[in-house]
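Survey of secondary and tertiary structure
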Amino acid sequence: MRVELKNITKRFGPVIANKGVNLTIEPGEVLGLLGENGAGKSTLMNVLCGLYDPTEGEIFIDDKPVVFDGPGDAIRAGIGMVHQHFMLVPVFSVAENVVLGVEPTGALDHLDLATARAEVERLSEDYGLAVDPDAIIETLPVGVQQRVEIIKVLFRSADVLILDEPTAVLTPQEVDEFFQIVRSLCEAGKAIVFITHKLNEILEISDRISVIRRGEIVGSGDPKELTRPELAEMMVGHPVDFDVARAPYAPREVILDVADLTVLRDHGAVAIDNLSLKVRSGEIVGIAGVQGNGQSALIEALAGLRRVASGRVTFDGTDITHISPRARHRMGIAHVPEDRQRAGLIGNFTVAENMVLDTYYGPPFAKGASIDWGRVHADAARVAEEYDVRTPSVFAAAAHLSGGNQQKLVVARELSRDTRFVIAGQPTRGLDVGSIAFIHAQLMAARDEGDGLLIVSSELDEIMAVSDRILVMFKGRIVAEYAPHIAPLDKGEIGLVMAGAAA
Amino acid sequence: MSVLLDKARLRQTRITGGVLIALGVLIAVFLAPDAPGVATFRLSRPTDVWPVPNLVVPGGAFIYVVSALLAFMGVRLFLKGGARWSALILGIGLAIAVAAFLVWATAGKSFSLTGMLQATLVRAVPIALGGLAGVLSERVAVVNIGIEGMLLAGAFTGALVGSLAGGIAGLAAAVAVGGMFGFILAALVVTYRMDQIIAGVFINLFVLGLTSYISSQVFQEYRALNNAPVFRAIEVPFLSDLPVIGPVFFNQNIFVYGAFILAGLATYYLFHTRLGLRARAVGEHPRAADTLGINVYRTRYINVTMAGMVAGFGGAWFTLGSVGRFDEGMTGGRGFIGLAAMIFGRWHPVGALLAALVFGFADSLQQKLALLRTPIPSEFLAMAPYIATIIVVAGVVGRARAPAADGKPYVKE
Ligand SMILES: Nc1ncnc2c1ncn2[C@@H]1O[C@H](COP(=O)(O)OP(=O)(O)OP(=O)(O)O)[C@@H](O)[C@H]1O
Ligand SMILES: [Mg+2]
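Residues numbered from 1 in each chain as written. Chains lettered and ligands numbered in written order. Predicted model: local features only at pLDDT ≥ 70, side-chain atom pairs only at ≥ 80, totals over all residues. Heavy atoms only, no water.

**Some thoughts on the domain arrangement of chain B**
Residues and elements named next belong to chain B. One can read the domain layout of chain B as domain 1 (2-108) and domain 2 (114-393). The distance between the C-alpha centroids of domain 1 and domain 2 comes to 32 Å. Residue-level contacts link 14 residues of domain 1 with 18 residues of domain 2. Between domain 1 and domain 2, roughly 1300 Å² of surface is buried when both sides are summed, and carbon and sulfur atoms account for 82% of that area. Per-residue buried area on domain 1 facing domain 2 is highest for W50, L94 and F101; these three make up 34% of the total on that side. Across the contact surface, domain 1 and domain 2 share zero salt bridges. At the junction of domain 1 with domain 2, the criterion picks out one residue pair in polar contact (both at pLDDT 80 or more). The greatest single-element share of the side of domain 1 that touches domain 2, amounting to eight residues, is contributed by helix 4 (residues 83-106). Across the side of domain 1 that touches domain 2, the residue classes tally to eleven nonpolar, two polar and one charged. (Domains from an automatic or database assignment. Contact = heavy atoms within 4.5 Å. Buried area = accessible area lost by both parts, 1.4 Å probe. Salt bridge = Lys/Arg side-chain N within 4 Å of Asp/Glu carboxyl O. Polar contact = N/O pair within 3.5 Å; in protein donor to acceptor, adjacent residues only side chain to side chain. Helix = DSSP H or I, 4+ residues; strand = E, 2+ residues; numbered from the N terminus. Nonpolar A, V, L, I, M, F, W, Y, C, P; charged D, E, K, R; others polar.)

**Regarding the pairing of strand 22 (residues 477-482) of chain A**
All names here are of chain A. Alignment of strand 21 (residues 469-474) against strand 22, held across five bridges, turns out to be antiparallel. Note that in strand 22 the partner of M473 across the bridge is I478. Connecting strand 21 to the next strand, strand 22, in antiparallel fashion are two residues, including K475 with a positive phi near 45°. (Pairing = 2+ DSSP bridges.)

**Some words on the packing of aromatic side chains**
Summed over all chains, the structure comprises 22 aromatic pairs over all chains. Relative to F255 of chain B, the ring of F231 of chain B lies with its centre 5.9 Å away and its plane at 80°, an arrangement referred to as edge-to-face. Of this pair, F231 of chain B sits in the loop between helix 8 (196-219) and strand 4 (234-235) while F255 of chain B sits in helix 10 (residues 254-272), and the two are 24 residues apart along the sequence. F255 of chain B shares its class with F231 of chain B; the two are buried. Site record: aromatic cluster; members linked through ring pairs are F178, F179 and F194 of chain A. Looking at K6 of chain A, its charged tip hangs above the ring of F60 of chain A, at a distance of 4.2 Å from the centre. It is R14 of chain B that lies over the ring of F78 of chain B; its NZ or CZ is 5.3 Å from the centre. (Phe/Tyr/Trp six-rings, centres within 6.5 Å; stacked < 30°, edge-to-face > 60°. Buried < 20%, exposed > 50% of the residue type's maximum accessible area, 1.4 Å probe, protein only. Lys NZ or Arg CZ within 6 Å of the ring centre and 35° of its normal.)

**As for the sheet that holds strand 2 (residues 15-25) of chain A**
Residues and elements named next belong to chain A. Here we have four strands laid out as an open sheet, ordered 2-1-4-5, and antiparallel in their pairing. Bordering the open sheet on either side are strand 2 and strand 5 (64-66), each of which pairs with just one other strand. Adjacent strand axes in the sheet meet at a mean angle of 30°, parallel and antiparallel pairs treated alike. Those strands touched by helix 1 (residues 41-48) are strand 1 (3-12), strand 2 and strand 4 (56-61), and its axis lies near 120° from that of strand 1. (Axes fitted to C-alpha atoms, helices over the stretch in contact; angles between N-to-C directions.)

**A word on the pattern of salt bridges**
Two side chains of opposite charge can pair, provided their charged atoms sit close to one another. All names here are of chain A. As enumerated under the stated definition, the model contains 41 salt bridges over all chains in all. The salt bridge involving R117 is made with D134; its shortest N-O contact spans 2.8 Å. With R117 in helix 4 (residues 113-126) and D134 in the loop between helix 4 and helix 5 (142-155), this residue pair connects regions lying 17 residues apart in the sequence. Its relative accessible area of 30% is what places R117 among the partly exposed residues. D134 gets classed as partly exposed once you look at its relative accessible area, which sits at 42%. Among the salt bridges present, the one from K224 reaches D222, with a minimum N-O distance of 3.9 Å. Owing to a relative accessible area of 26%, D222 belongs among the partly exposed residues under this scheme. Where salt bridges share partners, they join R2, E4, K6, E26 and D63 into one cluster.

What follows is the structure, encoded as structure tokens:
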């Protein structure tokens, strides 16, 4: 099945998200779609999958024009999409989510969950996507939710699969497995649109690459003839410096001391098992590990969002084990949550409101019981500018920003304050190369000012790029420590330890 | 490990234990000395096929036993924990406390327990159907404050059409008019994105005004328009002869049977069918449903209209199921109590039905106690079961979770 987008334009009020885009998607081929945050990739794909009506332009399937009146039409035409922000019903089981909309039924409209379960099991076996069909989505780590999304599309036997940043939350091993799946799908004659910000991934998997900038296609090419710097330049319009400049490692006193910490998951299983670690002022400690080994619980416990079952957390000599998130915040602890939409922002609030979610209650933003909105707006505009949060104005709803710009908004709010300690989970999730370099530079600046930083990322490259010390987490414990200033890092070895080799 | 896990629950269990101990002490101090003689509960009438002897309970002794039991359960919970059972124990404790209360009120007298249970079911009907209507619409994320108005519309239509064309026609018309108001609510909130609370209040005020006007201006003059036949109780063969259970469950009118059947059907629909799965998806995450080709707007229209039909049926109970005549504002807030039942029942049809039974019990208890002439003013008596309900809900039911998108309009791009 060959899909052609002709002259697609999409406007949201005054915002032009796509401008006269022409794109062809061939069967048996992976089309890599690359572009800065807010370039219009997701919007374009939402038009293709029937979620948005194009303002102008047409879609052709096998040279016949089609009009989608909603995603149902697109699904029936064989177009399936894994959205950047998961479209899963949190309280439903995996099997229910997979079959939703195309449910197997018996007499009396009876939902045939046994068949649904069997189908999920078959697909997860065929493609090596391990999931428990009866698990409830909200109890699953994001990496597993991602698999559910892919199974969902496969279950609809789509011929064209649109994958919007599917690897943003996967570990390197998972990415390898995922690429195998993509290849086998391609061999089966399916057409794939693959969106990512990771240049090496796009070079590895794509057959063709198109780059989109500010809503327009600015170039296409053959991955065999392109290099990372060339792609980056095509994307942002100027050369990008990949290396993080870092001052020499000069740690000072211990600022965060975690002793014998035990934290439980919602259902009582142990997430963090007697874990101890120390972070000094002026150093970045990176936590590497395969997702689901307790990193999320660690961040939540340190941010005050999850109860500590036993152990002690000391910050700058004060016991903070059980104090409230706001009290921590007042002590200068910043927290970039792992999942921006769940814990980082309020979608219906404006950019400005989101920018002061943590500071609205005190000076300079509050005067007594009232908020000085002029001040809030001016300040938000300044910070948004500084962190390159691309938004039509500070009055736009946060939910209307592109995924990467939502992330930048959260990071901007947390880092623009006077901080002494930064806890960050997946700080650059979904960011383009330019923005990643910028955020890394900000983290580095915080370190050089004497902040302690604890960074969790499933991206080993990121951990290796920014950390002064690397701790590997496995099954709720720290199983290994590496320090580049002592011995050079060996990515392969760390990868093995992450997979449990040392335990 | 489990020690760590249970810290918070332990505290909760302690509180539960404390409540039970206090209840036991209160009962022993205030009720027991004041209950001379025996309490006689009549379980059947002499004419029944299988008459059962009366239940005779020695007042003081029974109450002491109850208070001792409560104290025992309370102390056990307080000292030993056992968090898993604390909710169940609290429920049992409250139930026997209510029993002790009844024995105290009946001491030296006699009254028909079966009759009270029968009345419980009857009075639970409009609340259960109102709650069910709430479940159906909130499961697709439309908050339905308008249930009260839909009940009233059903009651009015039932009386009017019933008087003109008979009970069956009246019932059908009541269901249709309820459905119409459901459709109007859906149109206001889905298509015109009016605030859901305001739209519901609008329906309530509109129906109240219109029916009050017609009943005072027209029905006063033409009494024949407000004189509908009443659906009589239908005995289920054989089953209705069973002692106690028979008269309570199997000798009722179609509204009681209807409430039970509809609760069962709604459970099947919501949790075991394709359309039910889609409806719940629309209530939890409308955008996800939309990306899968489910028509969010249509789903909301259909479910809210069905909710209106259920409420219309429940409304007909007031007239066709009981007095055959419409009075101004005769629903008396049952729609709102139905919404409470929906929440207490955790947005589940059967839960709502059970919660409605608790309210129905409260209602009929108040009525019977007024007859027994207890020293407490009956208004205060009427409050006790509600307070018990709140304790049960807080302690036994715990945190209920509304559908995630409840009350939020969905805007397609
Ligand atoms: N629903 C909406 N209403 C208004 N503006 C929107 C809406 N959705 C997207 N936009 C705007 O359209 C532009 C393109 O957004 P889009 O989500 O397509 O970017 P993207 O290329 O996917 O970026 P990212 O890599 O960060 O996900 C952005 O400027 C965004 O603010
Ligand atoms: Mg995007």
